[in-house]
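Remarks on the overall topology
In case you want the letters, here they are:
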Amino acid sequence: MVRFASRRLALGIAVTATLTATAVSAAWASSASHASASRSKGLTTVRVVFDWPGIDFEAVPLTVGNARGFYKKAGLDVKIVIPPSTSTTVQMIAAGKGDIGFDTTTDVVFGQQAGIDVKSIANYSQNNNWGLVAKPGRKIDVKKIKGKSIGIFADSWTKAMMPYVLKAGGVTASQVKQPIFGSDDIAPLLAGKIDLATNTLNYAIAQVQSGTGKRPSVLLATKFGAPNVPVWVYTGMNSWLKQHGSQAKAFLSATRKAFAWSIAHPAAAVKDYVKAYPKIGGGLKYSLDGWKATIPALGATSSLLTQRASQWKQVTRALKSVGLLSKPLPPSSYFTNAYLKG
Amino acid sequence: MNAFLRKTAVRLAMAALAVGLIFGVWNLVIFAFDLKAYALPTPQDSVATIYDRWSTYQPLMLQTIKETVYGFLIGAAIGFCLGVAMAASKIVQRLVYPALITSQAVPVVAIAAPLAILLGFGLATKLVIVALWVFFPVVVNVLDGLARVDRDLLNLARVMGAKRTRAFFAIQLPATLSPLFSGLKIGATYAVTAAVIGEWVASLPYGLGTYLNTAAASLDARGVWGATILLTMIGITLFLVVTAVGVVATPWERRSTARRGIRSLFINKQKGARRWFGSLPAGSRSESQSRPR
Amino acid sequence: MNGGSPKVLVDDVTVHFDGALALDHLSLEIGRSEFVSIVGPSGSGKSTLFNVVSGLQRPSSGRVLLDGRDITGETGHVGYMLQKDLLIPWRTVVGNIVLGAALTRGVRGRDREEAAALASRYGLGEFLDHYPHALSGGMRQRVALMRTLALDTDVLLLDEPFGALDSQTRLDMQLWLLSVYEDLEVTILFVTHDVDEAILLADRVTVMSGRPGRILADLPIPLPRPRDLDVLTSPAFVELKRQVLGLLHHTPAAAAAR
């Protein structure tokens, strides 16, 4: 996964990410004293747990939803909760420290495999925009990766995608170097420490553009055989959804409106986001570049957020084929569109 | 030999009991707090995971052991040399000591990331991080050991005509052995944790620390705890090895007599007596007059 | 004093220490194989005298001669023993006895043999491989004395070597030292606070003054050798003791002795 992080933020992320145990308790403490359905100003609070230990422009629709009153009109007050590391989002909503999760599709599959009854209730993006990134001007030939160093992250999506990279390159894992980064592999790429980086391209493009003013070389993984399945989804624990179905529905309906507005007015939307998070998030230019680069992945406005069973079939098939999933479940175990209606 | 076997058997039994106790408490915690498997698997599951995935764990474990042991040795050597240098010169001591304490006070996670940028993602960064944690208790202990050598003993050596370097190697250096091993034992306990943190920022080649990261990312709790058990074993083993070497290196700490060496076979007391007593036969003075006390 | 050139000559030694005068133009002659006890109040510079003779400290003026040779400021010519046994914990009894050789020319097989013979002769034959911590205080001091004897020197400086022992052990050690002295040909300077001990062991008792250190008096001890316990209660001994005490505390008896 890609996120641009300012130096100070990267440092803070490194500190928290390495102390997962204390980090989880920190998350417990940090999620404040909001009970699941507390009320403030007559609005119901919904806690959305982000997928990365630092806020960034993918949260634009949520902040727009708050800023432009979409959530208020639905009787909701959405609070974004930042997790302590790149892989604790599922655990946090499972532990009740959040209501809705913003996460990757692979995290849902692995969550179910671990016995956590987490369900995907809406797609964030509709396409797979993950791929390889190189310095501006350098060509990427996936067949020539033998002996090269490819920066990766320790999250489940990367784990699911890398086998496709290796297969396309005709190499085994031992024939390439895959240094693992905590939160930022674009900076080492630009510094020449690694040959290629892996990332979702909206982040890669935004980060390289704001860092060098040029566009990076990119190669979508779907071009060399990776399945075209969405990267991110909104999730919820089945038990919570059953109890708070109307809240979930209201949340998704308002979020869809916020998405549509943000796509139509990207500059204003990003301004709202930067106003809500002035100190962190990378700054105006980076966030605007990033949001603009995200929009193509969101799909047609008419089918925003909607999931297909086929996408889950593809995900489980892909994970099984690379040995990461021993027992694929039927798509209905992973997702439901029920809360998108109404 | 019998007593030795019995002692060893008792020690092994106590170790097994200790492990059993830990596993028992572990299971109890899971039961008492109703922890799900994805949060904390049982020790049995974790051990089973080690068996199942041994082919995966083994190269990772070897890599982490390599980093831990090499880093430990480097840290020990640096710590020892630094301790000796600081004992030899008050100026060096005053200059270096504050820097040493700062090096320990700065959180290693803050140093680790810039270190990886400087030294890369390979072995070097990890060795530095492990050595950083190991060398400090060694320095402190060696310094203390050297400071505790009796001034009068050094004066006595001088009176006997010893040169300073001779006295250093014969009197001061061996005096560092006992405190050195105390310091090494402490360093050994930290070494594994330092290696894991090193692997988090400098991940090539993959070790158990990197595995912790990636397993946690796919909610693979059993993988995480299997690796954790292996890491704990590495740490304990290193500690025991260091302790054992310390026991062998400092026999006077727990024995009354030295083991009879080959040399003792060649000592001829009659020949030696000639220097002192000339023609006096050895033992001519009755023992009662020179009563041993 | 016996005829012939002195074994050790302390020639007009003055030592300034921290601005004060520790030894004031002190001269002392010790003959070959003589046993000289030195008594005096605390701070009278007895230890300073030993430091100068052993070469640890250079005097501000004056010299030290050994067999006529100037050894001022040079170490390695005499043996030295303190109240602390200063045995090295990781060396055995034999290993400690040969320490002098170990620190200088290297230990030869013969050194070990001599050490073993010495130790066995004086009751430590069963303890040759023992570490110091396994020995009693008296045994440790015995080893320390043997270490001093084993050096390639025949002059020993003993600075209250039995001061830390209990009185029973101390008596044993004094008798033992007497027998060692009578066995071997060594020249001994012996510092002590114990007047009984000084007289029992020595051929001469030298009385030093308080700071600055000067020789007040030099009393010959004509008690016959070999000496044993009975000497301690003989009339001759008591008379000598009276004289020494008088010298130490400036009584009329002291005046009579001079």
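So, how was this worked out
- Residues numbered from 1 in each chain as written.
- Chains lettered and ligands numbered in written order.
- Predicted model: local features only at pLDDT ≥ 70, side-chain atom pairs only at ≥ 80, totals over all residues.
- Helix = DSSP H or I, 4+ residues; strand = E, 2+ residues; numbered from the N terminus.
- Buried ≥ 20, exposed ≤ 12 C-beta atoms within 10 Å, placed from the backbone.
- Contact = placed C-beta atoms within 7 Å.
- Rg over C-alpha atoms; globule rule 2.2 N^0.38 Å.
- Pairing = 2+ DSSP bridges.
- Nonpolar A, V, L, I, M, F, W, Y, C, P; charged D, E, K, R; others polar.
- Domains from an automatic or database assignment.
- Axes fitted to C-alpha atoms, helices over the stretch in contact; angles between N-to-C directions.
- Parallel < 35°, antiparallel > 145°, perpendicular 65-115°, else oblique.
- Left-handed = near helix turned anticlockwise from the far one by under 90°.
- pLDDT = per-residue confidence, 0-100.

Re the overall build of chain A
- When its secondary structure is counted, chain A shows 14 helices and eleven strands.
- When the 342 residues of chain A are sorted by exposure, 54% land in the buried category.
- Contacts in chain A between residues far apart in sequence, at least 24 positions, make up 82% of those at least 6 positions apart.

As for the overall build of chain B
- Helices and strands together make up the secondary structure of chain B, namely twelve helices and zero strands.
- For chain B, the N- to C-terminal ordering of α and β elements is α-α-α-α-α-α-α-α-α-α-α-α.
- For 293 residues, the compact-globule formula gives about 19 Å, and the C-alpha radius of gyration of chain B, at 26 Å, lies well above that figure.
- Taken along its principal axes, the extent of the C-alpha atoms in chain B is 90 × 55 × 35 Å.

Details of the pairing of strand β2 (residues 20-30) of chain C
- As paired strands, strand β1 (residues 8-17) of chain C and β2 of chain C are joined by seven bridges and run antiparallel to one another. The residue of β2 of chain C that forms the bridge with V10 of chain C is L28 of chain C.

Considering the interface of chain A and chain B
- Opposite the 20 residues of chain A that make contact, chain B presents 19 residues.
- Elements represented by at least two residues in the side of chain A that touches chain B include exactly α1 (7-17), α6 (105-113) and α7 (156-169) of chain A.
- Ranked by the residues each element gives to the side of chain A that touches chain B, the list is headed by α1 of chain A, at three residues.
- Residue classes in the side of chain A that touches chain B are distributed as ten nonpolar, seven polar and three charged.

Brief notes about the environment of R151 of chain B
Residues and elements named next belong to chain B.
- By the secondary structure assignment, R151 is in helix α7 (residues 151-159).
- For R151, a count of 7 C-beta atoms within 10 Å corresponds to the exposed category.
- Spatially, the C-alpha atoms of R151 and Q172 are 11 Å apart, while their sequence positions differ by 21 residues.

So, the domain arrangement of chain B
- Split into domains, chain B comes out as domain 1 (1-35) and domain 2 (37-250).
- Considered class by class, the residues forming the side of domain 1 of chain B that touches domain 2 of chain B number four nonpolar, one polar and no charged.

As for the interface of chain B and chain C
- Between chain B and chain C, the residue contacts involve 41 residues of the former and 43 residues of the latter.
- Counting only elements with at least two residues in the side of chain B that touches chain C, the list comes to α7, α8 (164-175) and α12 (269-277) of chain B.
- Residue composition of the side of chain B that touches chain C, grouped by class: 19 nonpolar, eight polar and 14 charged.

Quick look at the packing of helix α5 (residues 137-150) of chain C against helix α6 (residues 167-183) of chain C
Residues and elements named next belong to chain C.
- Running from N to C, α5 and α6 point in directions that differ by 30°, and their axes come no closer than 10 Å. With respect to α6, the element α5 is oriented roughly parallel. α6 is crossed by α5, and the crossing has right-handed handedness. Contacts between α5 and α6 involve G137, G138 and Q141 from the first element and T169, D172 and M173 from the second.
- Taken together, the residues of the contact of α5 with α6 break down into one nonpolar, four polar and one charged.

Here's the deal with the sheet that holds strand β6 (residues 79-81) of chain C
Residues and elements named next belong to chain C.
- In spatial order, the strands read β6-β7-β8-β3-β9-β10; together these six strands make up an open sheet with mixed pairing. The open sheet is flanked by β6 and β10 (215-220), the only strands paired with a single partner. Across this sheet, the average inter-strand angle for adjacent strands is 15°, counted without regard to direction.
- By the bridge criterion, four bridges tie strand β3 (residues 35-39) to strand β8 (residues 187-191) in an arrangement that is parallel. Pairing of F35 across the sheet is with I188, part of β8.

Let's talk about the packing of helix α3 (residues 54-88) of chain B against helix α4 (residues 90-105) of chain B
All names here are of chain B.
- Running from N to C, α3 and α4 point in directions that differ by 130°, and their axes come no closer than 5 Å. When the axes of α3 and α4 are compared, the pair comes out oblique. For the pair α3 and α4, the contacting residues are L82, A85 and M86 in the first and V92, Q93 and V96 in the second.

As for the domain arrangement of chain A
Residues and elements named next belong to chain A.
- Looking at the assigned domains, one finds that chain A contains domain 1 (7-126 + 230-340) and domain 2 (130-224).
- Opposite the 23 residues of domain 1 that make contact, domain 2 presents 21 residues.
- Elements with a minimum of two residues in the side of domain 1 that touches domain 2: α1, α6, α13 (284-294) and α14 (309-321).
- The biggest single contributor to the side of domain 1 that touches domain 2 is α13, with six residues.
- Grouping the amino acids of the side of domain 1 that touches domain 2 by side-chain chemistry returns 14 nonpolar, six polar and three charged.

What to know about the sheet that holds strand β5 (residues 69-70) of chain C
All names here are of chain C.
- Ordered by their spatial adjacency, four strands build an open sheet running β2-β1-β4-β5, and the pairing between neighbours is antiparallel. In this open sheet, the two strands that pair with only one neighbour each are β2 and β5.
- In terms of strand pairing, strand β4 (residues 61-66) meets β5 through two bridges, oriented antiparallel. In the strand pairing of β5, L65 is matched with D70.
- Set on the sheet, helix α1 (residues 46-54) makes contact with β1, β2 and β4; between it and β1 the angle comes to about 120°.

Side note on unusual backbone geometry
- At the junction of L204 of chain B and P205 of chain B, the peptide bond is cis and its omega measures out at -20° in the coordinates.
- Cis rather than trans, the peptide bond between R225 of chain C and P226 of chain C has omega equal to 0°.
- If you trace the backbone, P226 of chain C turns up in the loop between β10 and α8 (235-249).

Some thoughts on the confidence of the model for chain B
Residue and element names in this part refer to chain B.
- Residues of chain B with pLDDT of at least 70 account for 91%, and the chain-wide mean is 87.
- α12 is the least confidently modelled element of chain B, averaging 71 in pLDDT, while α3 averages 95, the highest of any element.
- Confidence over residues 279-293 falls short of pLDDT 50; this stretch has 25 contacts with residues more than four positions distant or in other chains.
- Interface predicted TM-score (ipTM) for the complex: 0.85; the corresponding pTM is 0.82.

What about the pairing of strand β5 (residues 118-123) of chain A?
Residues and elements named next belong to chain A.
- Burial within β5 is extensive, with six of its six residues counted as buried.
- In this sheet, strand β11 (residues 232-237) lies alongside β5 in antiparallel orientation, the contact comprising five bridges. In the sheet register, S120 faces β11, and the bridge partner there is T235.

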